[in-house]
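Close look at the chain arrangement
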Amino acid sequence: MKEINELNLPEDVKYTDDHEWAKLDGDVATIGISDYAQDQLGDIVFVELPETGSTFDKGEEFGSVESVKAVSELYMPLGGEIVEINAELEDAPEQVNSAPYGGGWMVKIKIADMAEFEALMDKSAYLASLEG
Amino acid sequence: MRYLPHTSEDIAQMLALVGAESIDQLFEDIPANCRREGELDLPAPLTEWDLNTHMDGLADTMGAAPRYKVYIGAGSYDHFIPEISRQLLLRSEIFTAYTPYQPEISQGTLQTIYEYQTLVTRLLGMDVTNASMYDGASALAEALLMSIRVTKRKKVVVSKAIHPLYRQVVATYFAPTDFEVVELPFGADGRTDLSAVGDLSEIAGVAVQSPNFFGCIEDLKQIGETIHSDKKTLFVVGFSEPLAYGLLKNPGSQGADIACGEGQSFGIPRSFGGPGLGMFSAKQKYVRNMPGRLVGKTVDVDGKSGFVLTLSTREQHIRRERATSNICSNQGLCATASVMYMAALGGTCVRGLAQLNHDKAEYLKAGLKGAGFEVPFAAASFNEFVVKAPAGFAARRDALLEKRIVAGLPIASYYPELADHYLFCATETASKSDMDLLVKEVSA
Amino acid sequence: MSHTSSETTWMPTGTTGLIFNEPLLWEQGAEGRCGMSVPESDVLMSPLDSELVGDGPDWPNLSELDVVRHFTRLSQWNFGVDSNMYPLGSCTMKYNPKINERQAALPGFAGSHPLLPESLSQGALKLLYDLERYLAEVTGLPAISLQPAAGSHGELTGMLIFAAYHKAQGKPRHKVLIPDTAHGTNPASAALCGFKSIPLASGEDGILTPEMVDELMDEDTAGIMITNPNTLGLFENNIKEVAEVIHAKGGLIYGDGANMNAVMGIVNMADVGVDVLHLNLHKTFSTPHGGGGPGAGPVCVTEALRPFLPVPRVVKEGDTYRWDEDYPQSVGKVHAFYGNFGVLVRAYSYVLSMGPFLKKASQLAVLNANYIKESLKEVFHLPFDRVCMHECVFTDKYQEQHKVATLDMAKRLMDYGFHPPTVYFPLVVHGAIMIEPTESENKETLDRFIAAMRAIAEEAREHPDLLHQAPRNPKLGRLDETLAARKPCLCG
C-alpha cells in the first residue's frame, strides 16, 4: 500500500470523509473514489452503479465497489440527479485502480444545492484528515 | 478408543510443556458454575463389530428397495446408481476435503464443481449454476427471495402444483418477513392455471414446477410468455425430477429466469430423504444476485489454467447481513456424485434413460386404468402420475405392505380435494413383471 | 520436542507425487460411448408429444474407465484429512471414521424412500429419536430438531424460533446482538428473519462482558448470538452473567455450536443459559465435509422453546415410533424431508462408537491446541495469551517487518505438506492465523507441524521470497483471483 506522500490527490477536485471525490463542471459534478480509497481496496473487480435518472441526497448510498474479498459502499458527496454513469466500468473496473480521477470516474450528477459542493474538503483538508 | 491417539506418556509430556498439572487444569479458566459434573450419560462405546450388528438390525426394519417394490416418487426417485460413483466418492481426497478455500491444494474439488456447474447449466438450458443448495425445497425458497432482491417487489406467486413439502418450506422461509406468498390453483388437466395470477407489476416472481407434483408437464413456454408480459417479473421453474430434461424441452429455452430443483435422481441414494442436492441455475444477468458458492476459471502465477471460488462478495463471510443468502456448507459431495452420474450417463444415453422412465410409467398407468383406477389429469406426464383409486383400495394397499409392495402415495393429506387420489411412480428400476404383479394385486 | 530442525534446508515432505494432467470432461469422449449400464426396455415405447420434446443436454459421451480415470486423477489434486493434518480453525477437521460410511450405505438406509409408511421406517425413526436423546445429553438442551441441513441452516432455524417465540409473547422484536467475532453466517441468518444485527465489540481480553451487553440490550432486541468458545478460541467466561442480562429483558440466548468440540461433557449449555444451540455434525461429530458439504445442523432448545421446533417430529409410543406434525406453534419445515439423514446416520454411528469418550475427545482437542499455542508463541505473535480451548489464534505481527504476511505463511505450509490454518479470521485480529488441531492428531504429527511452522518463521526472516513465491509443490501455484472475479467464467 502507498504511503501518504505517495498518493495522487489532485487540486481540482473536492473530497469527502468517505473518500469519494467530486469535480465541478457547471452545475454537473463528476464523482469517483480517491487514490487513497482505491489503494486501500486493492484490485477492484466490480463496480455497482445506480440507474440514470435516479436521485440521491447527500450522504446516501449510491452503489458499491468490490475487491476480491471486500465490498465497500459508495456515498454521495452531494445531492442531485444522476445524469450519466460510467458504463465502461462494467467491463473494465480496473480503471478505478489505474485512473481513479480519469477513466475510473463513476457517476455524473446534476447538483441540487451548490452549497453542498462548497462544503466539501479541498486537498489540504483531506490530506490532513488522512494523516489524522 | 481407536480414534484417540494419545498415550498417557504423550499426555504427560504435553502437559509438562503447556505447564499444566492435569488436563482438568486446562479447563479451570471456565468458571466453576459453568462446568458440569460427572460423565456423559451415553451408552458404553461399541466395538466396530457390535456397531455393525446394531446398525444392520435398524436398517433391516426398513421398507427399502430393492427388497421392497416402492412405487413412490414425489421428490425422491429410485434410479440405478452405478458402482463407480459409490467407489469414487469413497476416495478420501474427495470426501475428507473441506470447502476449497485454498485453491492450490483443492483443484480436484474445484474442477469437479466447475464441471457440475457446466453440465447442470447445459441440462437446464440456463447460463450459470451455483455449487449447490441444500435441497429442492430450500432452492425454491432462495429463488423466490432472489426474485424479490432483483425486482425490489414484495409479492411472489407459487403454483399449488409445486411439491407441497417444498411449498411448506417456502412458507417457513417467508413467515418472518413482510413478503407475501400467493398460491395459484391447478386446472382440470393437472397443470397450473395462470388465469388468476393478478397484477404482474406487483409480483417479483412466479414459480411453477415441471414436471409438477402430479407428474404433469407444464406448458412452460405459454406461462413464460404470460409472465414476461411484465418486463421485471422473474419466471422461476422448479423441478424434483431432473431426468425429465434428458427428454423434455429445458426451462431456459422456454423463458425461465431461474431454474431450481432437486438433483437426487442423478446418482444420489434416496437415503430417507437426504442428503439430496439443490440445483440452482439462472440467467447470466442475475449472477450477482445468486445465493451460494460459484467456481470460476482462472490462471495461476505460471499461466496454467485452474479454478477458484469466485464472486464471493455475494456471500455471508464477506457481506454478512447483506449477503444474498446465509448458506455456507452446501451439498458438495452430492454435487460430485451427480456430476459423476451425468458424465457416466452421457448426452446420448440420458435420452434413452429418460424415455425408458416415461415408457415404464405409461405402462403402469395403462395397467392401473385397466384395473379400475381413473386417471384424472389429462396432461402428459413423465415418470409419475396421479390416479383415483376404486373403493377399498386403501385397505388393499395396507395389505400389500405385507407382500413388500408400496402401492403409491396417498395425496389427500396434501390436497383434501383429492381424496382417494394416489401418486404412482415407475422408473427404469420397475420391471414389467413387477408392475404386472402390482396391477394384478390391486385388481382383485 | 523436535523444535531443532528449523534450517532452511529442512525438506518439505508430503506434496510430491504422481500427478496426472486431466482435461475437462467435455474436452474428451466420443459419440457412441456410454459409461453406464442402461437397462433394456421390456415395455412398449410410448412417445411423448413432439411439442414437449427437446434436444437433450449437450453432455460428453464417455466410457466407464474414462469417468473412473477422470475423477481419480482429479481427486489426486486434493488435500483431505486422510492426507495429513488439516488444522483449519473453526472447522474441526477431525478424522472421519470409515465405519460410518458403511452404516450410511446400508441398503436399508440408503434405499429408503422418505415417505414410506411408518411401519416400514421404524429403524430410521428409532435412529433419529435416539440421536436426539444423545445430542440432548451432550448439550444439556432437551428438545432437538435434526432437520437443518447445515450449520447456517441451523442458525436460520434458530432465528425463526427467536421470531416465533417473541411473536407468541405478543411482541415481535427486531434486533439481534451479534459479537464482532462471529461467523458471517450469524448476521446473514438473522437478516433472513428480518432481524437487524447490532454488532457488539468484544472486550479487551477477547470476551464479552455483561456491562457491554446490558448497554445494548433493550425491549426491541430478540436476543444475542454467541459462539462459545468464541472464534478467538476463548471461553466466554461471563456467559452466565450475559445470559442473565439478556433474560432479564425478555431476550433469548443463541449458541453457535460450531466450537462444541472444545466442551463436550465439560459445559452443559442449558446450565450456562443458552436457549437455542445448533451443532455442526460435520465438525464435532466426525461426519465428512465432502469438499463443501453435506453437513447437518441440528437445533437444540430448552423445554420452553420445544413448541417452536420444526415439524415433523419423531415421537415414541411404547416400542414404536411415529411422525407427529401437530404442533401449531412450530416454525414449520426447513427441509423437504427430515434433513440430511445420511449424515445423521454417520453421527449416530460416531456417538455409539465413542460413548462417554466424547468428553475425552474434547479434553484432548484442548490439550492439542494448548500444546501448539505454547510451542509457537515465541515465534508467532499471540494476541490473547491465556489458556485456549480447542483452537488458538496467532498473527503475522512478528513477520510484518520482513514483509511476510499471513497469506504467504499459509501458502508455504502447503509446501511442507500441511493444510494451512484458517487465515484472516476472526476479522477483529489483524492477520489472524487460527489453528485447530483437533483431538485426532497424535503428538508426533503435532511436532512435525510445529517444526514446519518454526521453519517458516525462520524462512520469513532469512528468505522471505521463498514465502512470497509459495506454494511450489502443489499442482498449481497461486491463482489469480482478481482475474476470476473481473471476468467471471463460471461455465464451460
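Remember, it's a predicted structure, so these values are computed and weren't measured experimentally.

We now examine the overall build of chain C. Within chain C one finds 14 helices and 12 strands. Dimensions of chain C along its principal axes, counting C-alpha atoms only, are 70 × 70 × 45 Å. The buried share of chain C, reckoned over its 492 residues, is 67%. Per element, the accessible surface of chain C, about 15800 Å² overall, is 51% carbon and sulfur.

All names here are of chain C. What the three strands build is an open sheet, ordered β10-β12-β11; its pairing is antiparallel. Two strands lie at the open edges of the sheet, namely β10 (392–394) and β11 (422–423), each paired on one side alone. Both β11 and strand β12 (residues 433–435) contribute to a ladder of two bridges, which runs antiparallel. Each residue of the ladder has a partner; that of Val423, found in β12, is Ile433.

This paragraph deals with the domain arrangement of chain C. Residue and element names in this part refer to chain C. According to the domain assignment, chain C contains domain 1 (112–354) and domain 2 (358–476). If you look at the interface, domain 1 gives 28 residues, while domain 2 gives 21 residues. For the pair domain 1 and domain 2, the summed buried area comes to about 2000 Å², and 65% of that belongs to carbon and sulfur atoms. Taken together, the links from domain 1 to domain 2 amount to zero salt bridges. Remark: the boundary between domain 1 and domain 2 carries six residue pairs in polar contact (both at pLDDT 80 or more).

The next thing to look at is the environment of B:Arg86. All names here are of chain B. Within the secondary structure layout, Arg86 lies in helix α4 (residues 83–89). Between the alpha carbons of Arg86 and Gly267 there is a distance of 8.6 Å; along the sequence they are 181 residues apart. Side chain to side chain, Arg86 and Glu83 meet in a polar contact 2.6 Å long.

Before going further, it helps to spend a moment on the interface of chain B and chain A. Chain B puts five residues into the contact, and the matching count from chain A is 10 residues. Of the roughly 620 Å² buried between chain B and chain A, counting both surfaces, carbon and sulfur atoms make up 46%. Taken together, the links from chain B to chain A amount to four salt bridges. Between B:Arg322 and A:Glu73 there is a salt bridge whose closest N-O contact spans 3.3 Å. Between chain B and chain A we count five residue pairs in polar contact (both at pLDDT 80 or more) in total.

Moving on: the side chain of C:Asn280. All names here are of chain C. Here Asn280 lies in the loop between β6 (276–279) and β7 (299–301). A relative accessible area of 4% means that Asn280 is categorised as buried. The residues touching Asn280, leaving out its near neighbours within four places in the chain, are Gly151, Gly257, Ala258, Phe285 and Ala296.

Quick look at the side chain of B:Glu315 now. Turning to its location among the elements, B:Glu315 is positioned in the loop between β10 (305–310) and α10 (316–319). Beyond its immediate chain neighbours, meaning those up to four positions away, B:Glu315 contacts B:Gly292, B:Arg293, B:Arg320 and B:Ala323.

All right, on to the interface of chain B and chain C then. Contacts between chain B and chain C engage 182 residues on the former and 198 residues on the latter. Summed over both partners, the interface of chain B with chain C buries about 16500 Å², with 66% contributed by carbon and sulfur atoms. One salt bridge connects B:Lys360 with C:Asp42, and the closest N-O pair in it is separated by 2.7 Å. Viewed at the interface, chain C and chain B are joined by 92 residue pairs in polar contact (both at pLDDT 80 or more). Of the residues forming the side of chain B that touches chain C, the biggest block, 24 residues, is contributed by helix α11 (residues 332–370) of chain B. Here the side of chain B that touches chain C is built from residues that sort into 96 nonpolar, 53 polar and 33 charged.

Before going further, it helps to examine the packing of aromatic side chains. Summed over the entire model, instances satisfying the criterion amount to 38 aromatic pairs over all chains. On the numbers, 6.3 Å between centres and 15 degrees between planes, the contact of B:Phe385 with B:Phe424 is stacked. Taken as a pair, B:Phe385 in strand β11 (residues 384–388) and B:Phe424 in strand β14 (residues 421–425) lie far apart in primary sequence, 39 residues in all. Since its relative accessible area comes to 2%, B:Phe385 is described here as buried. Three or more aromatic residues joined by ring pairs make a cluster, and in this case those are B:Phe186, B:Phe213, B:Phe214, B:Phe377, B:Tyr414 and B:Tyr415. C:Arg133 extends its terminal NZ or CZ atom over the ring of C:Tyr129, reaching a point 5.6 Å from the ring centre. Stacked on the ring of C:Trp77, the Lys or Arg C:Lys475 has its end atom at 3.9 Å from the ring centre.

Bringing the pattern of salt bridges into the picture now. Scanning the model with the defined rule gives 53 salt bridges over all chains in all. One salt bridge connects B:Arg122 with C:Asp58, and the closest N-O pair in it is separated by 3.8 Å. Highlighted residues: B:Arg122 in helix α6 (residues 107–124) and C:Asp58 in the segment before α1 (64–75), drawn from two different chains. Here the residues in one salt-bridge network are C:Lys373, C:Glu374, C:Lys377 and C:Asp385, joined through shared partners.

All names here are of chain B. As for its placement among the helices and strands, Leu400 is situated in helix α12 (residues 393–402). Taking the relative accessible area as the measure of exposure, Leu400 reaches 3% and is therefore buried. Through-space distance from the C-alpha of Leu400 to that of Phe382 is 25 Å; in sequence the pair is 18 residues apart. Contacts of Leu400, omitting those with residues within four sequence positions, involve Ile405, Ala407, Leu438, Glu441 and Val442.

All names here are of chain C. Among the five residues that make up strand β2 (residues 175–179), five are buried, leaving the element largely enclosed by the rest of the structure. Both faces of β2 are covered, namely the face carrying Lys175, Leu177 and Pro179 and the face carrying Val176 and Ile178. The handedness of the β2 to strand β3 (residues 196–200) crossover, carried by helix α6 (residues 185–192), is right-handed. Alignment of β2 against strand β4 (residues 221–227), held across three bridges, turns out to be parallel. Of the residues in β4, the one forming a bridge with Val176 is Gly223.

The next point concerns empty space enclosed by the protein. In total, this model carries 12 cavities of 30 Å³ or more according to the counting rule given. Space inside the largest cavity adds up to approximately 120 Å³. Taken together, 13 residues make up the lining of the largest cavity; nearest its centre are C:Glu132, C:Ser145, C:Leu146, C:Gln147 and C:Pro312. At the level of secondary structure, the elements contributing two or more residues to the lining of the largest cavity comprise α4 (122–139), β1 (143–145) and β8 (313–317) of chain C. Split by residue class, the lining of the largest cavity holds nine nonpolar, two polar and two charged. The calculated volume of the second largest cavity comes to roughly 90 Å³. Every residue lining the second largest cavity is counted, 14 residues in all, and those nearest its centre are B:Ile94, B:Gly108, B:Thr109, B:Thr112 and B:Thr336. For the lining of the second largest cavity, the secondary structure elements donating two or more residues are α6 and α11 of chain B together with α1 of chain C. Per element, the largest residue contribution to the lining of the second largest cavity is four residues, and it comes from α6(B). In terms of residue class, the lining of the second largest cavity is made up of five nonpolar, nine polar and no charged.

The tendency in soluble globular proteins is for nonpolar side chains to be buried side by side. Among the nonpolar cores identified, the biggest contains 205 residues, and B:Phe214, C:Phe109, C:Ile224, C:Val263, C:Phe285 and C:Leu376 are the most heavily contacted of them. Ranked by residue count, the leading element in this core is helix α9 (residues 341–354) of chain C, at 10 residues. Within the second largest apolar cluster, 72 residues are counted, among which are B:Phe266, C:Trp26, C:Met36 and C:Leu52.

Now for the sheet that holds β7(C). Residues and elements named next belong to chain C. Spatially, seven strands are ordered β1-β7-β6-β5-β4-β2-β3 in an open sheet, and the strand pairing comes out mixed. Only two strands of the sheet have a single partner each, and these edge strands are β1 and β3. Pairs of neighbouring strands in the sheet enclose a mean axial angle of 25 degrees, with direction left out of account. This element, helix α5 (residues 151–168), spans β2, β4, β5 (252–257), β6 and β7 of the sheet and lies at about 175 degrees to β5.

Conventions and cut-offs
- Residues numbered from 1 in each chain as written.
- Chains lettered and ligands numbered in written order.
- Predicted model: local features only at pLDDT ≥ 70, side-chain atom pairs only at ≥ 80, totals over all residues.
- Heavy atoms only, no water.
- Helix = DSSP H or I, 4+ residues; strand = E, 2+ residues; numbered from the N terminus.
- Buried < 20%, exposed > 50% of the residue type's maximum accessible area, 1.4 Å probe, protein only.
- Areas by Shrake-Rupley, 256 points an atom, 1.4 Å probe, with all protein chains shown as cover.
- Pairing = 2+ DSSP bridges.
- Domains from an automatic or database assignment.
- Contact = heavy atoms within 4.5 Å.
- Buried area = accessible area lost by both parts, 1.4 Å probe.
- Salt bridge = Lys/Arg side-chain N within 4 Å of Asp/Glu carboxyl O.
- Polar contact = N/O pair within 3.5 Å; in protein donor to acceptor, adjacent residues only side chain to side chain.
- Nonpolar A, V, L, I, M, F, W, Y, C, P; charged D, E, K, R; others polar.
- Phe/Tyr/Trp six-rings, centres within 6.5 Å; stacked < 30°, edge-to-face > 60°.
- Lys NZ or Arg CZ within 6 Å of the ring centre and 35° of its normal.
- Right-handed = clockwise from strand over helix to strand, strands pointing away.
- 1 Å grid on protein atoms, 1.4 Å probe; cavity = no way out; pocket = protein on both sides within 12 Å on 5 of 7 lines; lining within 4 Å.
- Points joined across faces, edges and corners; volume = space filled by probe spheres on them.
- Core = buried A, V, L, I, M, F, W, Y, C linked by side-chain atoms within 4.5 Å.
- Axes fitted to C-alpha atoms, helices over the stretch in contact; angles between N-to-C directions.

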